[in-house]
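So you can see what is in the structure, the chains are spelled out below.
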Amino acid sequence: MAIKCKADYLKNFISDADIKALIPSLENAHKQLTEKSGAGNDFLGWYDLPFEYDKEEFERIKKAAEKIKNDSDIFIAIGIGGSYLGARAAIEFIKSPYYNNLKKDTPDIYFAGNTISSSAVSEILKICEGKDVSINVISKSGTTTEPGVVFRLFREMLEKKYGKEGAAKRIYITTDKSRGNLKKFADANGCETFVIPDDVGGRYSVLTACGLLPIAVAGIDIDAIMRGAQTAANALKKCDIASNDAYKYAVLRNALLAKGKVMEIMACYEPAFQYMNEWWKQLFGESEGKDGKGIFPVSVIYSTDLHSLGQIIQEGQRNIFETVVDIKKSNDTVIIPNDSENIDGMNFLSGKELSFVNEKAYLGTVFAHLDGGVPNIILELDSRSEEDYGYMVYFFELACAISGYILGINPFNQPGVEAYKKNMFALLGKPGEENEKRKAELENLMKSF
């Protein structure tokens, strides 16, 4: 397992000199990361996590997952951002985007607490009617609005169905190890708890209990995921873009940024990659988007989005580049049949594998976009296995940290995320002098529009 970063299609966009110019910044970024001397160094727990994770908790996660598989028809993971994207990405990538519709011996899994839409939450509650349900609420503070409000609703549902004591046995809490509202609730009610490490930020937390419990409930081998991450951690240690493809990816995207390519489009030809795209967007967007810097992350699934966004990618503003994830091995073999009447004129494809057509669509698109002035970085990934998923998670986390340090920012904080929360709490009437003052300011501002 590995990810190979290919720069073959960048020759007309960046030069060897452009890359060479970034090597001192790369070496400094590597030093800041490995010596833990850079900004945000108190959030580097993810770096050694593949080897230094809590083995006792890891076994408890697997044991809890087995209990949930045996006593639940539905499992609800309640969290937002890094507290749910990685787990959902793993389930869709390794299993299927249609996981809940497949024949299986594991519970259906739904993700809540990532929206405060009445319709979205109500629909999941209705799906749970007449079913045995367990939930996992994931929040460091326990006071984040979206998961906090939704947890209330699902807790009420469980207590009505099973009673307070019975509900507590079906509530799994992933939070701070010693403090916070959720930890207090868990201790008071006897809920099983798992830890969000102090030194691992939310968007880097998928290989902790945040992601591993929902992933294990889906019947995915989390030992294999950690082996994949360990392989990546061992393979990607050197500060050498000839052998370290994560560092190479970080340097290439910064070289393109220096040429005015301010938007990165993550593309893949497998629909199962859709939530990996979403996880990647948070990882890079939240890590790099500060101090007036950063590459704006967007994503597409081809060939679907070639029929919606293909035109603007081909001929729109030339401030973009693409990073294409090429998964070499398909999970399934589908042969295109012959049609005696050849109604669609496609008999020239009879007997060929559908993956062969997908590959040619990929190559055709790369060359079309190159002709249109869009640079393409290619990331080759072997397959959709557990090991490949673990490798890929670590690869992107490492590349993101290095890229952030090359940019000269702290890749591990997110001060801008708090702005909307402060306004929302004020408008909702949360008690406090500061909230009351801000509410008055916002109400006056609204009157001016």
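Residues numbered from 1 in each chain as written. Predicted model: local features only at pLDDT ≥ 70, side-chain atom pairs only at ≥ 80, totals over all residues. Heavy atoms only, no water.

Caption draft 1: Spatial organisation of the pattern of salt bridges. Applying the stated rule across the entire model yields 25 salt bridges. One salt bridge in this structure joins Lys259 and Asp18, with 3.3 Å as the shortest N-O distance. Placement of Lys259 in the loop between helix 10 (245-258) and strand 7 (263-268) and of Asp18 in helix 1 (residues 16-34) is noted, with a sequence separation of 241 residues between them. Note on Lys259: relative accessible area 45%, which makes it partly exposed. Exposure remark for Asp18: the relative accessible area of 22% places this residue in the partly exposed category. Across the pair Lys62 and Asp223 runs a salt bridge whose closest N-O atoms are separated by 2.9 Å. Of this pair, Lys62 sits in helix 3 (residues 55-71) while Asp223 is found in helix 9 (residues 222-235), placing the two residues 161 residues apart along the sequence. (Salt bridge = Lys/Arg side-chain N within 4 Å of Asp/Glu carboxyl O. Helix = DSSP H or I, 4+ residues; strand = E, 2+ residues; numbered from the N terminus. Buried < 20%, exposed > 50% of the residue type's maximum accessible area, 1.4 Å probe, protein only.)

Caption draft 2: View of the packing of helix 1 against helix 14 (residues 386-407). At a minimum axis distance of 8 Å, the contact between helix 1 and helix 14 shows a crossing angle of 120 degrees. Along this stretch, helix 1 crosses helix 14, giving a crossing that reads as right-handed. Of the residues in helix 14, those touching helix 1 at Leu22, Ser25, Leu26, Ala29, His30, Gln32 and Leu33 are Leu398, Ala401, Ile402, Tyr405 and Ile406. Among the residues making up the contact of helix 1 with helix 14, the classes are represented as 9 nonpolar, 3 polar and no charged. (Axes fitted to C-alpha atoms, helices over the stretch in contact; angles between N-to-C directions. Left-handed = near helix turned anticlockwise from the far one by under 90°. Contact = heavy atoms within 4.5 Å. Nonpolar A, V, L, I, M, F, W, Y, C, P; charged D, E, K, R; others polar.)

Caption draft 3: Region of the structure containing the pairing of strand 10 (residues 376-381). With 6 of 6 residues buried, strand 10 lies mostly within the body of the structure. What you see with strand 10 is no split at all: Asn376, Ile378 and Glu380 on one side and Ile377, Leu379 and Leu381 on the other are buried throughout. Summarising the sheet, strand 1 (residues 3-6) and strand 10 pair through 4 bridges and their orientation is antiparallel. The partner of Ile3 across the bridge, within strand 10, is Leu381. The sheet contact formed by strand 9 (residues 320-327) and strand 10 spans 6 bridges and is parallel. Among the inter-strand pairings, Val325 is bridged to a residue of strand 10, identified as Leu379. Handedness of the β-α-β unit built from strand 9, helix 13 (residues 354-371) and strand 10 comes out right-handed. (Pairing = 2+ DSSP bridges. Right-handed = clockwise from strand over helix to strand, strands pointing away.)

Caption draft 4: Structural view of the environment of Asp42. Topologically, Asp42 is positioned in the loop between helix 1 and helix 2 (45-52). Put simply, Asp42 and Val200 are 158 residues apart on the chain and 8.4 Å apart in space, counted from C-alpha to C-alpha. Beyond its immediate sequence surroundings of up to four residues, Asp42 is in contact with Asp198 and Asp199.

Caption draft 5: Structural view of the packing of aromatic side chains. Counting across every chain of the model gives 21 aromatic pairs. Taken together, a centroid distance of 6.3 Å and an interplanar angle of 40 degrees make the contact between Trp46 and Phe412 tilted. Placement of the pair is Trp46 in helix 2 and Phe412 in the loop between helix 14 and helix 15 (418-428), with a sequence separation of 366 residues. Comparing Trp46 with Phe412 shows no difference in burial state: the two are buried. Three or more aromatic residues joined by ring pairs form one cluster here, namely Trp46, Tyr47, Tyr204, Tyr394, Tyr405 and Phe412. (Phe/Tyr/Trp six-rings, centres within 6.5 Å; stacked < 30°, edge-to-face > 60°.)

Caption draft 6: Region of the structure containing the sheet that holds strand 7. Strands sit in the order 1-10-9-7-8 across an open sheet of 5 strands; the sheet is mixed. What marks the edges here is a single partner per strand, and that holds for strand 1 and strand 8 (296-301). Across the sheet, the axes of successive neighbouring strands diverge by a mean angle of 20 degrees, strand direction being ignored. By the bridge criterion, 6 bridges tie strand 7 to strand 9 in an arrangement that is parallel.

Caption draft 7: The arrangement of the sheet that holds strand 4 (residues 133-138) in detail. Across the sheet, which stays open at both edges, the 5 strands sit in the order 3-2-4-5-6 with parallel pairing between neighbours. Bordering the open sheet on either side are strand 3 (108-112) and strand 6 (192-195), each of which pairs with just one other strand. Strand-to-strand, the axes of this sheet are offset by a mean angle of 20 degrees, without reference to chain direction. Looking at chain direction, strand 2 (residues 74-78) and strand 3 are connected through 5 bridges and run parallel. Within strand 3, the position partnered with Ala77 by the bridge is Phe111. Contacts from helix 8 (residues 209-217) reach strand 2, strand 3, strand 4, strand 5 (171-175) and strand 6 within the one sheet, and its direction differs from that of strand 2 by about 165 degrees.

Caption draft 8: Molecular detail of the pairing of strand 4. Burial analysis of strand 4 places 6 of its 6 residues in the buried class, the great majority of the element. Burial along strand 4 is two-sided: Val133, Ile135 and Val137 facing one way and Ser134, Asn136 and Ile138 facing the other are all buried. Inspection of the sheet shows strand 2 paired to strand 4 by 5 bridges, in the parallel sense. Bridging from a neighbouring strand, Ile76 pairs with Ile135 of strand 4. Pairing between strand 4 and strand 5: 4 bridges, direction parallel.

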